[in-house]
Amino acid sequence: MSSAIKLKRRARGERPYFFADPNVDKVIAMVMGLAGEVAVMRDRLDTLERLLERTGALQRADIDAFRPDAEVVADRSAWREAFLGEVLRIVEIEVEALANGDQDRYDNAIALVEQRDVTPPSRAAGKNPARGKKVAPKAPARAVRKPAASTKVNKAPASGAKKPATRSATKKQAVVRRQPKPVAKKRARR
Amino acid sequence: MAKPLAVHAQAEHRALPPVTHDEFARQEFVRAFKEHLVKHVHGGNRAVYERKVKPAFERSHKRAPKTRFEVRDQMVHEPYYQMFSTLLRTSQEMMWSSCQKPVERDLPALNEVIAQPPRKAGGSLRLNPALEIPRYHTAVDIHCQPGGYHVEYMPGDASAGMVYDRAVHVYAMGQMGPYNNDMGASIAMWLQRHHPDFKPQRILDLGCSVGHSTLPYAEAFPDAEIHAIDVAAPMLRYAHARAEDLGVAVHYSQQNAEHTDFEDGSFDLIVSHILLHETAERAIHNIVRECHRLLRKGGMMIHAETPPYKGMDPFDAFLLDWDTRNNNEPFWARSHEIDLKTLSKKGGFDPALEFEDLIPSAFQVAQASRSQKFQGGDFGGGGLWFIYGNRK
Ligand SMILES: C[S@@+](CC[C@H](N)C(=O)[O-])C[C@H]1O[C@@H](n2cnc3c(N)ncnc32)[C@H](O)[C@@H]1O
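Residues numbered from 1 in each chain as written. Chains lettered and ligands numbered in written order. Predicted model: local features only at pLDDT ≥ 70, side-chain atom pairs only at ≥ 80, totals over all residues. Heavy atoms only, no water.

Caption draft 1: Structural view of the overall build of chain B. When you go through chain B residue by residue, the secondary structure sums to 16 helices and 8 strands. In terms of overall size, chain B behaves like a compact globule, its C-alpha atoms giving a radius of gyration of 21 Å where 392 residues would be expected to give roughly 21 Å. Oriented by its inertia axes, the alpha-carbon framework of chain B measures out at about 65 × 55 × 45 Å. In chain B, which comprises 392 residues, the proportion classed as buried is 58%. Of the roughly 16,100 Å² of accessible surface on chain B, 55% is carried by carbon and sulfur atoms. Charged side chains in chain B number 44 positive and 49 negative. The centres of these two groups are separated by 5 Å. (Helix = DSSP H or I, 4+ residues; strand = E, 2+ residues; numbered from the N terminus. Rg over C-alpha atoms; globule rule 2.2 N^0.38 Å. Buried < 20%, exposed > 50% of the residue type's maximum accessible area, 1.4 Å probe, protein only. Areas by Shrake-Rupley, 256 points an atom, 1.4 Å probe, with all protein chains shown as cover. Lys, Arg positive; Asp, Glu negative; His and termini not counted. Charge placed at Lys NZ, Arg CZ, Asp CG, Glu CD.)

Here it is as structure tokens:
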């Protein structure tokens, strides 16, 4: 169906951004892109209804008069719930992480695997994991300076109280942690 | 609630790429999006300026802003203007994308249609693969059309023309008429009204793109021989197929308007439509000089553009200037500040015979006499075109 030829998508020339944070511009572009596709879908539905009406298969007034029975309501509710679950997944994982006790900083996992020797937790705690010179320079900087980003699993009020002490505390946890999470793997390089 | 503008469908012709249901819906959305910005968002900038920005400036400077730059320096910090700008830019990108999709679907087949004009109107097409595309067209893709006017994806490619033809209709929200020909039609109408005795035998259209503005001259001057040039081959291939299908004889050739291969004094009328602002300082002077060389004594050149900034309120100039930085129109601002009498004079014309005018849109006039429905968008100069020209 589609020809192998792909037209250029980007116009040559620096793209202006208008807000202090260009991500705002980008989010707006996404919203308008979505709005466009909603409009396309709406037109398509409208076409469908009109065609069906023309063939006599449907009266559009019947659609407006349609009252879902209990079963349909239940079906739709279930679908909507699942749908919202997908869309709002990002919000839920935070709470899930809390429930699982999976509150380690990701840096701890890095620190763990980058250690040269497997050392007892008490030794590893609080040490710069980068002392082995093979370690990539970026990792320690991140481990030391960056507080958890807002979506990180461990930025939860529960651990907030102990903040100054957490580094060593969570490091200890990292070492003894039982279940590595697939979530963490996906997040590995951002 | 304002009534929606009357929807003016684009006239079909064989070269125009067919669209699927959803592709059409997507283009319609972009058109509505642009229309909404023009009618409901654009004007808010002035309110923000008048009620907030200007009073603040006056308090701190003890005077009103004098130049469009002073206005700009303040307005770029206004969230309203930022939102307006990002929406407008986004609408432009969505416009191109929505017009590219139907072209991309099966480009080789569409190009085949272009290669074989079905009807013989008597026009011609002369391409020059060796012609160099001017730097001012390769530096950035003008008004954000990816690949610009000239990029070719396969031999005999007219994709840029296919995309452009539909995009102009969306961009102008149908307000240039079903054939996107309002600029040419308006100048032709102006000529017939103001120079009823002027009967050009040979007409040349510079930077014709797909010939939107070229064709109305054939209708207005049925005896004239019509030539049209452009630097971009994809535009010309499409223009030729389009004109042949619409039954209008036009001789298209791929040439740079700065230096053509036509003979001295070989034209009575030379026109261009929104070409000048897409060139460059040196080029604009070359083009006027070339017009002078090509016109016979008594002949006339006419260039349609948006009005110069001269004497314009700094806020209006600021808004008109939006495209310079935000829509890949680098020469827009400067071209609006060139003194046109001087331009004429440098090109060899008698500045006493120079003229500038705001002329009514032919499409608008036709609509108004037909019905009261036409709402007249504020786009494209609110139903008026600015012309600059010179008699030789
Ligand atoms: C905005 S479009 C013109 C639209 C067209 N005149 C109309 O009214 O529909 C500008 C066109 O000018 C062409 N162009 C730019 N510089 C040129 C030059 N120096 N000589 C000839 N064509 C040129 C571009 O390739 C492009 O097709």
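Still more ground to cover, so stick around.
Caption draft 2: A look at the interface of chain B and chain A. With 41 residues of chain B at the interface, the matching set in chain A holds 29 residues. Around 3,100 Å² of area is buried between chain B and chain A when both sides are counted, 61% of it from carbon and sulfur atoms. Contact with chain A buries area across many residues of chain B, yet His-21, Glu-104 and Tyr-153 of chain B alone supply 20% of it, more than any other trio. Taken together, the links from chain B to chain A amount to 4 salt bridges. A salt bridge links Arg-44 of chain A to Asp-22 of chain B; the nearest nitrogen and oxygen atoms lie 3.0 Å apart. At the surface where chain B touches chain A, the tally comes to 15 residue pairs in polar contact (both at pLDDT 80 or more). Within the residue set of the side of chain B that touches chain A, elements represented by two or more residues are helix H1 (21–41), helix H4 (79–105), helix H5 (107–115), helix H7 (159–171) and helix H13 (322–326) of chain B. In terms of residues, the side of chain B that touches chain A owes the most to one element, H4 of chain B, which gives 15 residues. (Contact = heavy atoms within 4.5 Å. Buried area = accessible area lost by both parts, 1.4 Å probe. Salt bridge = Lys/Arg side-chain N within 4 Å of Asp/Glu carboxyl O. Polar contact = N/O pair within 3.5 Å; in protein donor to acceptor, adjacent residues only side chain to side chain.)

Caption draft 3: View of the site of the ligand. Residue and element names in this part refer to chain B. Taken together, 21 residues lie near the ligand, and Ser-209, Ser-213, Asp-230, Asn-256 and Ala-257 sit nearest. In this structure, Ser-213 approaches the ligand through a side-chain N or O atom, which is 2.4 Å from an oxygen atom. Contact with the protein chains removes 99% of the 600 Å² of surface that the ligand exposes when unbound. Along the lines of polarity and charge, the residues of the shell around the ligand split into 10 nonpolar, 9 polar and 2 charged. (Near = heavy atom within 4 Å. Nonpolar A, V, L, I, M, F, W, Y, C, P; charged D, E, K, R; others polar.)

Caption draft 4: Layout of the environment of Ile-270 of chain B. For Ile-270 of chain B, the location among the structural elements is in strand E5 (residues 267–273). What Ile-270 of chain B contacts, discounting residues up to four positions off in sequence, is Leu-204, Leu-206, Cys-291, Leu-294, Leu-295, Met-300, Met-301 and Ile-302 of chain B.

Caption draft 5: Local environment of the side chain of Ser-272 of chain B. Residue placement: Ser-272 of chain B occurs in strand E5. For Ser-272 of chain B, the residues in contact, after removing those within four places along its chain, are Asp-205, Leu-206, Ile-302, His-303 and Ala-304 of chain B.

Caption draft 6: Expanded view of the packing of aromatic side chains. Here the structure, examined in full by the defined rule, presents 11 aromatic pairs over all chains. Here the aromatic rings of Tyr-81 of chain B and Phe-318 of chain B are separated by 5.2 Å at their centres, their planes lie at 45°, and the arrangement is tilted. Of this pair, Tyr-81 of chain B sits in helix H4 while Phe-318 of chain B sits in helix H12 (residues 314–320), placing them 237 residues apart in sequence. In this pair, the class of Tyr-81 of chain B matches that of Phe-318 of chain B, namely buried. Aromatic ring contacts, followed pair by pair, group Phe-18 of chain A together with Tyr-49, Tyr-81, Phe-84, Phe-315, Phe-318 and Trp-322 of chain B into a single cluster. Lying across the ring of Tyr-17 of chain A, Lys-26 of chain A places its NZ or CZ 5.3 Å from the centre. One residue, Arg-202 of chain B, lies across the ring of Phe-267 of chain B, its end atom 4.6 Å from the ring centre. (Phe/Tyr/Trp six-rings, centres within 6.5 Å; stacked < 30°, edge-to-face > 60°. Lys NZ or Arg CZ within 6 Å of the ring centre and 35° of its normal.)

Caption draft 7: Geometry of the pairing of strand E8 (residues 384–391) of chain B. Residue and element names in this part refer to chain B. In terms of residue burial, E8 counts as a mostly covered element, since 6 of its 8 residues are buried. Sheet topology note: the strand E6 (residues 295–305)/E8 ladder contains 6 bridges and is antiparallel. Paired with Met-300 across the bridge in E8 is Arg-391. Bridge analysis of strand E7 (residues 354–360) against E8 gives 7 bridges, and the strand direction is antiparallel. (Pairing = 2+ DSSP bridges.)

Caption draft 8: The packing of helix H2 (residues 44–61) of chain B against helix H3 (residues 68–75) of chain B, seen in detail. All names here are of chain B. At their nearest, the axes of H2 and H3 sit 11 Å apart, and the two run at 95° to each other. Our classification of the angle between H2 and H3 gives roughly perpendicular. Judged by residue contacts, Asn-45, Val-48, Tyr-49, Val-53 and Phe-57 of H2 engage Glu-70, Val-71, Gln-74 and Met-75 from H3. By residue class, the composition of the contact of H2 with H3 is 6 nonpolar, 2 polar and 1 charged. (Axes fitted to C-alpha atoms, helices over the stretch in contact; angles between N-to-C directions. Parallel < 35°, antiparallel > 145°, perpendicular 65-115°, else oblique.)

Caption draft 9: Structural context of H5 of chain B. Residues and elements named next belong to chain B. All of the buried residues in H5 are Leu-107, Leu-110, Asn-111 and Ile-114. Seen along its axis, H5 keeps its buried residues to an arc of 100°; they face one direction. Facing away from the buried side of H5 by more than 90 degrees, the exposed set consists of Glu-112 and Ala-115. In the core, the buried residues of H5 are packed alongside H4, H7 and helix H10 (233–245). (Arc of directions from axis to C-beta.)

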